[in-house]
Each structure stands twice: as structure tokens, then as C-alpha cells.
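Letter by letter, the chains look like this.
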Amino acid sequence: MPVRILFFTFLLFALGLSGCQNITQTSSPPRLLAEDPDWDVHRFRTPKTLAGLEADGEITAPRRRQWRYRLPAPAGERVTVTVVPMPGGWERMSPRRAVSGRYGQLRQRRLDHLMQRPDLSLTVDEERLFDLEGHATASSRWHWLDNNGSRRDQALLLMHMGDHFLLFEGYSRDQNSRWLLLLLKRAQAEFRAAQTKPHE
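Criteria and cut-off values
Residues numbered from 1 in each chain as written. Predicted model: local features only at pLDDT ≥ 70, side-chain atom pairs only at ≥ 80, totals over all residues. Heavy atoms only, no water. Patch = residues over 30% accessible without salt bridge, like charges linked within 9 Å, V, L, I, M, F, W, Y side chains within 5 Å. Areas by Shrake-Rupley, 256 points an atom, 1.4 Å probe, with all protein chains shown as cover. Salt bridge = Lys/Arg side-chain N within 4 Å of Asp/Glu carboxyl O. Lys, Arg positive; Asp, Glu negative; His and termini not counted. Charge placed at Lys NZ, Arg CZ, Asp CG, Glu CD. Helix = DSSP H or I, 4+ residues; strand = E, 2+ residues; numbered from the N terminus. Buried < 20%, exposed > 50% of the residue type's maximum accessible area, 1.4 Å probe, protein only. Phe/Tyr/Trp six-rings, centres within 6.5 Å; stacked < 30°, edge-to-face > 60°. Lys NZ or Arg CZ within 6 Å of the ring centre and 35° of its normal. Core = buried A, V, L, I, M, F, W, Y, C linked by side-chain atoms within 4.5 Å. Contact = heavy atoms within 4.5 Å. Polar contact = N/O pair within 3.5 Å; in protein donor to acceptor, adjacent residues only side chain to side chain. Pairing = 2+ DSSP bridges.

## What about a positive patch on the surface?
On the surface, a cluster of positive charge is contributed by R68, R78, R152 and R173. Its place among the elements puts R152 in strand β8 (residues 151-160). By relative accessible area, which is 35% here, R152 ends up partly exposed.

As C-alpha cells, this is what we get:
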């Protein structure tokens, strides 16, 4: 059975709903800034806990850093936090356009991956582009079912932070995507607050 993709909220902007608009896509992924001496992936602090979840590992690359958090077993909720620099040339875009473009790439990669899984039926519950605490932000909520009826939920929160993107992703087998998105909003507030604390 091919993957079925059901879209429920793509027409938010067309319907004129206040505070959000539909997400657009770009063509090819951008190239990150090559050697910007002012962008240091190690400048970010690592909270030991985030929104009640415990740190569960970190992946650091020259132009990318990702933290993983999860609730203690047997709970299955997981959150990842990723920072990447703004792609070269994107500083000329408005924050909303940059977030929309980056989100479109992340969305397309996810769909391409799921197209290789004929056992899954994917539903996009909501996609939004809005302002969160002064930052252009994209969010989405998804869920998918396998042939056995098992459900998995996922939420995403992507923020424009000037010279970088801040991406939060949540996953659960037990909680719905709306709950996950609320968790991510709490996580972003705590993560950003940790960056303003003085180094010990």
C-alpha cells in the first residue's frame, strides 16, 4: 500500500486566519556558510534537563550541533534540539521567508523518507508560520499509522535566531502531536533561557 498523505491545514493563509500562514517550499537545499569565524557551534550551553526530559546524548559537527532528551523509561517521549548556521545569502531574506524556505526543505526530506515506507499512512495535522516571542517560527504536527494500526506522533518547531536556525523535534507513541508541540514550546523557552545564563 503506498504512503497516503492527508493535509488538513495547508490553506490557513488563503482563509485569512490571523497570526499564521501557509508554508511554502524552495527547490534545492542551500549551502551553509563555509568558514564564518563569527559563528561558533560550541557557544551554545547544554541544559541537563529540558521541559522535564533528561539529556540523552549530543552530536557535534563543524557546522551543526544536536542534543537529545528523553523521559525516563518506560515513557517513550523524545525531543531533539538542533542548531545550524544561516545558509549563505539567506541573510538578505526576511526572517519569515527564511523560516518558510528552511521548513520546506525539512518537510520535503521527511516526505521523501516516508515515501520509501509503503507500510505507513501519514497525516499532517497542522502547519503554521507565526511569530513566537519575537522570532519568525514554523511549526507542524504529524502522525502516522502502520499496517497494524500502531500510531506515532511528531511535532516540529523551527525558529529564526538571526545568524542560525533553532530546530526542536518531538516524538511519541503515547501522546498526541498537540501535546508534543506544547512540550516543544516549553523546551525552546528553557533552552533559550539557558543561553543567557553566565558561564560558571
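## Considering the packing of aromatic side chains
Summed over the entire model, instances satisfying the criterion amount to 4 aromatic pairs. Arranged with centres 6.5 Å apart and planes meeting at 75 degrees, the rings of F44 and W67 form a pair that is edge-to-face. Of this pair, F44 sits in the loop between β1 (5-7) and β2 (49-50) while W67 sits in strand β4 (residues 64-70); the two residues are 23 residues apart in sequence, bridging distant segments of the chain. Here F44 matches W67 in class, with each residue buried. Considering the side-chain rings of W90 and F165, the 6.2 Å spacing of their centres and the 85 degrees angle between planes classify their relative orientation as edge-to-face. Note that W90 is positioned in the loop between β5 (78-85) and α1 (95-114) and F165 in strand β9 (residues 164-172), a separation of 75 residues in sequence. Residues W90 and F165 agree in their burial class; the two are buried. The positively charged end of R110 is found above the aromatic ring belonging to W142, 5.0 Å away from the centroid.

## As for unusual backbone geometry
For A51, which is not glycine, the phi torsion reads 55 degrees and is therefore positive. As for its position among the elements, A51 is in the loop between β2 and β3 (53-61). Using a relative accessible area of 5% as the deciding quantity, one classes A51 as buried. Phi is positive for E133, which is not a glycine, with a value near 55 degrees.

## Regarding the nonpolar core
Residues V81, L166 and F168 are the most contacted members of the largest nonpolar core, which totals 25 residues. Contributing elements (two or more residues each) for this core: β4, β5, β6 (121-132), β8, β9 and α2 (177-195). Top contributing element to this core by residue count: α2, with 6 residues. If we ignore the near neighbours within four places in the chain, the residues touching L166 are V81, T82, V83, L157, L158, M159, M161, F191 and R192. V84, L106, F165 and L167 belong to the second largest nonpolar core, which has 21 residues in total.

## Considerations on the side chain of H164
Assignment of secondary structure puts H164 in strand β9. In terms of polar contacts, H164 uses its side chain to reach the side chain of R43, at 3.3 Å. At 2.7 Å, the side chain of H164 and the side chain of D163 are in polar contact. Those residues in contact with H164 that sit more than four places away from it in its chain are W39, R43, F44, V83, V84, P85, M86 and M159.

## Side note on the pairing of β9
In terms of burial, β9 is a largely internal element, 9 of the 9 residues being buried. Side chains H164, L166, F168, G170 and S172 of β9 all project onto a buried face; the interleaved residues F165, L167, E169 and Y171 project onto the opposite face, where all are buried too. In this sheet, β9 lies alongside β5 in antiparallel orientation, the contact comprising 8 bridges. The residue bridging T80 from the neighbouring strand is E169, located in β9. Where β8 meets β9, 8 bridges bridge the pair, whose relative direction is antiparallel. In the sheet register, L156 faces β9, and the bridge partner there is E169.

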